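Survey of secondary and tertiary structure
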Amino acid sequence: MAVPAAREAPNLSAVAANQLVVAGNACGPAALLNAFRCGNPAWQRAADAVGGANDKERILTIIREIGMRPSKQTPARPRWSRRGVSVVDLRDMADEMARGRFLPPLSEEVFFLTPRETPEKLLRRVHQRLDTSLAKGLPPVLSLRRYALRRQPGKAAQWVVIDAHFVTLTVMPRSLEKNARSFSVSYIDPWGAKRCQGTLGISGRSVLANAAGDSSCLEADFPHAAVGNHLVAGGEETVLTVAAAIGRW
């Protein structure tokens, strides 16, 4: 039999959690809950173990019982705050949710060019990590960042982060063509629990360019993601990137 062209989350029909039943900064816990729900039966155990009669209570349980613990990265602060949660802290939260349920630890990885990496190699690294996690039964959680090319008084315009967001990847191609510069994905956006489609690929703009003038990160062409759009000043150039991910690889 022919191998399907798409790699799909094991439990693609799972009910998605909506962060907005709690707060606009609850995307991390909601995206993590969606990843476990859409995973294979082993990962679904981690979702089923979260206490609460509804998704509002479940997300609050994750925040209060795990997210408010001191960060291992910044011990003086809790993992989750009004500004949300970092990738590393969210990974630690995921590991604690999985602890005691015969589940392996998760990985997190930054998706920016390494010193000897080309944009094409970065694209393949990102594809390989995400595909591996899906193949192992856990939909990866993507960290998105919105950058704006912002001009400061007396300085040249620079790319600055203006907002960030987490989503859960559910469908992607199993392989890339030889000269591929992008690949299509489906994902769950916890902002409204929406199921959306988009593309991850090599940007046509030099975003945070390296010495060779190459963009240091991949662009997330997600038409339905309004991440930070309200923070973009009139006339500013902006781009949404995939900055990192949490998964099983």
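Criteria and thresholds
Residues numbered from 1 in each chain as written. Predicted model: local features only at pLDDT ≥ 70, side-chain atom pairs only at ≥ 80, totals over all residues. Heavy atoms only, no water. Helix = DSSP H or I, 4+ residues; strand = E, 2+ residues; numbered from the N terminus. Rg over C-alpha atoms; globule rule 2.2 N^0.38 Å. Buried < 20%, exposed > 50% of the residue type's maximum accessible area, 1.4 Å probe, protein only. Axes fitted to C-alpha atoms, helices over the stretch in contact; angles between N-to-C directions. Parallel < 35°, antiparallel > 145°, perpendicular 65-115°, else oblique. Left-handed = near helix turned anticlockwise from the far one by under 90°. Contact = heavy atoms within 4.5 Å. Salt bridge = Lys/Arg side-chain N within 4 Å of Asp/Glu carboxyl O. Phe/Tyr/Trp six-rings, centres within 6.5 Å; stacked < 30°, edge-to-face > 60°. Polar contact = N/O pair within 3.5 Å; in protein donor to acceptor, adjacent residues only side chain to side chain.

1. Let's talk about the overall build of the chain
For the chain, the count of helices and strands is five helices and eight strands. Scanning the chain from its N terminus toward the C terminus, one meets helices and strands in the order β-α-α-α-α-β-α-β-β-β-β-β-β. Taken against the 2.2 N^0.38 rule, which gives 18 Å for 249 residues, the C-alpha radius of gyration of the chain at 18 Å falls within 12% of a compact globule. Structurally, the chain occupies a C-alpha span of about 50 × 50 × 30 Å along its principal axes. Burial status across the chain gives 51% buried among its 249 residues.

2. Some remarks on unusual backbone geometry
Outside of glycine, negative phi angles account for most residues, and trans bonds account for most peptide bonds. Its identity is not glycine, yet A193 carries a phi of approximately 55°, on the positive side. For A193, the position within the fold is in the loop between β5 (182-189) and β6 (194-202). Here A193 falls in the partly exposed class, since its relative accessible area comes to 22%. Phi angles above zero are rare outside glycine, and L208 is one such case at about 50°.

3. Overview of the packing of helix α1 (residues 27-38) against helix α2 (residues 41-48)
At a minimum axis distance of 6 Å, the contact between α1 and α2 shows a crossing angle of 140°. Classed by the angle they form, the pair α1 and α2 counts as oblique. Crossing hand, α1 versus α2: left-handed. Side by side, α1 and α2 meet where L33, F36 and R37 of the first sit next to W43, Q44, A46 and A47 of the second.

4. Concerning the environment of A209
Note on placement: A209 falls in the loop between β6 and β7 (218-221). As for A209 and L113, which are separated by 96 residues in sequence, their C-alpha atoms are 9.7 Å apart. Setting aside anything within four residues of it in sequence, one finds A209 in contact with D214 and S216.

5. Quick notes on the environment of G24
Turning to its location among the elements, G24 is positioned in the loop between β1 (6-8) and α1. On the basis of relative accessibility, which here comes to 46%, the residue G24 falls in the partly exposed class. With residues up to four places along the chain from it excluded, the contact list for G24 reads Q19 and W191.

6. Describing the pattern of salt bridges
Here the structure, examined in full by the defined rule, presents 15 salt bridges. Between D131 and R7 there is a salt bridge whose closest N-O contact spans 2.8 Å. Highlighted residues: D131 in helix α5 (residues 119-135) and R7 in strand β1, separated in sequence by 124 residues. A relative accessible area of 11% places D131 in the buried class. Looking at R7, the relative accessible area reads 18%, which means it is buried. Salt-bridge contacts for E120 lead to R181; the nearest nitrogen and oxygen are separated by 3.2 Å. One end of the pair, E120, is in helix α5; the other, R181, is in the loop between β4 (158-173) and β5, and 61 residues separate them in sequence. Here the salt bridges do not stand alone but share partners, grouping R91, D92, D95 and E108 into one network.

7. What to know about the packing of aromatic side chains
In this structure the tally under the stated criterion is two aromatic pairs. Arranged with centres 5.8 Å apart and planes meeting at 5°, the rings of F36 and W43 form a pair that is stacked. Like W43, F36 is buried. Between Y187 and F222 the ring centres are 4.3 Å apart and the planes differ by 15°, which places this aromatic pair in the stacked class. One end of the pair, Y187, is in strand β5; the other, F222, is in the loop between β7 and β8 (237-247), and 35 residues separate them in sequence. With relative accessibility at 1%, the residue Y187 sits in the buried group.

8. Focus: the environment of L218
Mapping L218 onto the fold places it in strand β7. Take L218: its relative accessible area is 1%, and that puts it in the buried class. Note: C-alpha distance between L218 and V242 (24 residues apart in sequence) is 6.0 Å. If we skip the residues at most four places from it in the chain, L218 touches P119, L122, L123, V126, G201, I202, L240, T241 and V242.

9. Observations concerning helix α3 (residues 55-67)
Among all positions of α3, only D55, I59, L60, T61, I62, I63, I66 and G67 are buried. Buried residues along α3 sit against α1 and α4 (87-98). Taking the backbone nitrogen of K56 as reference, a side-chain oxygen 3.2 Å away marks N54 as the first, capping residue of α3.

Coordinates in, geometry out; function isn't part of it.
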